[in-house]
Amino acid sequence: MTNERRVLVHPDKQALGASVAARFITKIIDVLDEQERADIAISGGSVSSLVLAAIGQSPARESVDWSKVHVWWVDERWVPAGDADRNTTGTQTDFFDHVDIPETNIHPMPASDAGIDIEEAALQYERELQDAAYEGAVAPRFDITLLGVGPDGHTASLFPEFPQLTVTDRAVVSVDDSPKPPPQRLTVTYPVINASQRVWVILSGAEKASVLGLALAGASVEDVPVGGVQGRKRTVFFVDQDAARDVPENLIASTY
């Protein structure tokens, strides 16, 4: 077993989405050969949407027993249910409309019109994670966590220099002043992300190159939050050629 970080470079954004989708399907099949269920965690963002849409369109998706797959979110925008800004809204169109996952296996974060405030929403999702976790764990042992990255290095809704970066005693926290709209969000914390078996970080575009280079070079998590993610078995950065500009050659791999 190894948890070293690897970088897989793809020619362009479309090739990136197709490759991650294919690997995702293969890995979920492998996981379900070994255990009764698979838990995955997903994030929002354009590249994550690209990957989920590619999974939803792949003929190979029919090889997965989706009734055994549970889907969670690493973050969500604090807006009403059905709002276009909610990560779950895009996921429905890109992914859930194309795979047969039972509704009971889908675990969205609460919406702002759920009749509770954002702090109670964080506690509610934390309890739901804990209820599905192994004894003593803060969350399910996610088999795959798919993360995007912002140009500022944030991942999930963990932003540079924000206090949520240092939280270790909570699984889910609120964000009230996100530098990207909308300002209020929910996010899981590092202990949840880093309990994942595999963390797959997906980056595309030249504007992400410096952030990726800094993260791989060991920059402060306070400055580049994505540098703080680490899967228990594997941490892989899936990137396109533009985003790979500043990646050390020794970290680039053709397979894993």
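Residues numbered from 1 in each chain as written. Predicted model: local features only at pLDDT ≥ 70, side-chain atom pairs only at ≥ 80, totals over all residues. Heavy atoms only, no water.

As annotated in an unreviewed UniProt entry, the chain is 6-phosphogluconolactonase from Curtobacterium citreum. The chain has a UniProt comment under Sequence similarities (unreviewed entry) that states "Belongs to the glucosamine/galactosamine-6-phosphate isomerase family. 6-phosphogluconolactonase subfamily." (UniProt positions renumbered as here; feature names shortened; annotations may be inferred.)

Colleague: I would appreciate a short explanation of the overall build of the chain in the present structure.
Modeller: When its secondary structure is counted, the chain shows six helices and ten strands. Relative to the 2.2 N^0.38 estimate, which gives 18 Å for 256 residues, the radius of gyration of the chain is 17 Å and therefore close to what a compact globule would have. Taking all 256 residues of the chain together, the buried fraction comes to 53%. Considering only contacts in the chain between residues 6 or more positions apart, those separated by 24 or more positions represent 78%. Looking at the chain as shown, the accessible area adds up to about 10,900 Å², and 47% of this sits on carbon and sulfur atoms. (Helix = DSSP H or I, 4+ residues; strand = E, 2+ residues; numbered from the N terminus. Rg over C-alpha atoms; globule rule 2.2 N^0.38 Å. Buried < 20%, exposed > 50% of the residue type's maximum accessible area, 1.4 Å probe, protein only. Contact = heavy atoms within 4.5 Å. Areas by Shrake-Rupley, 256 points an atom, 1.4 Å probe, with all protein chains shown as cover.)

Colleague: How do you make sense of the UniProt feature "domain: Glucosamine/galactosamine-6-phosphate isomerase" (unreviewed entry) in the chain when you look at a structure like this?
Modeller: Taken from the UniProt record, the annotation "domain: Glucosamine/galactosamine-6-phosphate isomerase" (unreviewed entry) applies to residues 11–235. The straight-line gap between the two end C-alpha atoms of residues 11–235 is 20 Å; of that span, 31% is helix and 16% is strand.

Colleague: Hey, could you run me through the sheet that holds strand S6 (residues 144–148) in this one?
Modeller: Where strands meet in a sheet, backbone hydrogen bonds hold them as pairs that are either parallel or antiparallel. One open sheet holds the seven strands; their spatial order is S1-S10-S9-S6-S2-S3-S5, and the pairing between them is parallel. Sheet topology places strand S1 (5–10) and strand S5 (106–107) at the edges, where each strand pairs with a single neighbour. By the bridge criterion, two bridges tie strand S3 (residues 69–73) to S5 in an arrangement that is parallel. In the sheet register, Val71 faces S5, and the bridge partner there is Ile106. Helix-sheet contacts for helix H6 (residues 209–216) involve S1, strand S9 (198–203) and strand S10 (234–240), and the interaxial angle to S10 is about 155°. (Pairing = 2+ DSSP bridges. Axes fitted to C-alpha atoms, helices over the stretch in contact; angles between N-to-C directions.)

Colleague: Please explain the nonpolar core as it appears in this structure.
Modeller: Considering soluble globular proteins, one finds that nonpolar side chains tend to be buried as a cluster. By size, the foremost hydrophobic cluster in this structure holds 72 residues, and its most contacted members are Phe24 and Leu146. Top element by residues in this core is helix H1 (residues 13–34). It accounts for eight residues. Setting aside residues up to four positions removed in sequence, Phe24 forms contacts with Ile40, Ile55, Trp66, Ile144, Leu146 and Trp200. (Core = buried A, V, L, I, M, F, W, Y, C linked by side-chain atoms within 4.5 Å.)

Colleague: How should the pairing of S1 be read in this particular structure?
Modeller: Two faces belong to every sheet, and in a regular strand the side chains alternate between them. By the criterion of burial, S1 is predominantly enclosed, with five of the six residues buried. Judged from the six bridges that link them, S1 and S10 form a sheet pairing that is parallel. Its bridge partner being in S10, Val7 is matched across the sheet by Phe237.

Colleague: How should I be thinking about unusual backbone geometry in this particular structure?
Modeller: Generally, phi is negative for residues other than glycine and the peptide bonds are trans, each holding for most cases. Omega for the peptide link from Pro181 to Pro182 comes to -10°, which places this bond in the cis form. Position of Pro182 relative to the elements: it lies in the loop between strand S7 (172–175) and strand S8 (185–188). Here the phi dihedral of Ala156 falls at roughly 50°; this positive angle occurs in a residue that is not glycine. The exposure class of Ala156 is buried, given its relative accessible area of 7%. With phi around 65°, Glu161 is a residue other than glycine that occupies positive phi space. We classify Glu161 as exposed; its relative accessible area is 58%.

Colleague: I would appreciate a short explanation of the packing of aromatic side chains in the present structure.
Modeller: What describes a pair of aromatic rings is the distance from one ring centre to the other and the angle between the planes of the rings. A full pass over the atoms with the stated rule returns seven aromatic pairs. Three or more aromatic residues joined by ring pairs make a cluster, and in this case those are Trp66, Trp73, Phe95 and Phe96. (Phe/Tyr/Trp six-rings, centres within 6.5 Å; stacked < 30°, edge-to-face > 60°.)

Colleague: Can you walk me through the sheet that holds S7 in this structure?
Modeller: The strand order across the open sheet built from three strands is S4-S8-S7, with neighbouring strands paired in antiparallel fashion. The open sheet has two edge strands, strand S4 (75–77) and S7, and neither has a second partner. Each neighbouring strand pair of the sheet contributes to a mean axis angle of 15°, computed without reference to strand direction. Relative to S8, S7 runs antiparallel, the two sharing four bridges. Within the sheet, the bridge partner assigned to Val175 lies in S8 and is Arg185. Packing against the sheet, helix H4 (residues 118–131) makes contact with S7 and S8, and its axis sits at approximately 155° to S7.

Colleague: What's the story with the environment of Asp240 in this structure? I'm lost.
Modeller: Examined against the element boundaries, Asp240 turns out to sit in strand S10. Between the C-alpha atom of Asp240 and that of Pro110, which follows or precedes it by 130 residues, the distance is 33 Å. What Asp240 contacts, discounting residues up to four positions off in sequence, is Val9, His10, Asp12, Lys13, Leu16, Leu203, Ser204 and Gly205. A distance of 3.1 Å separates a polar atom in the side chain of Asp240 from the backbone nitrogen of Gly205. (Polar contact = N/O pair within 3.5 Å; in protein donor to acceptor, adjacent residues only side chain to side chain.)

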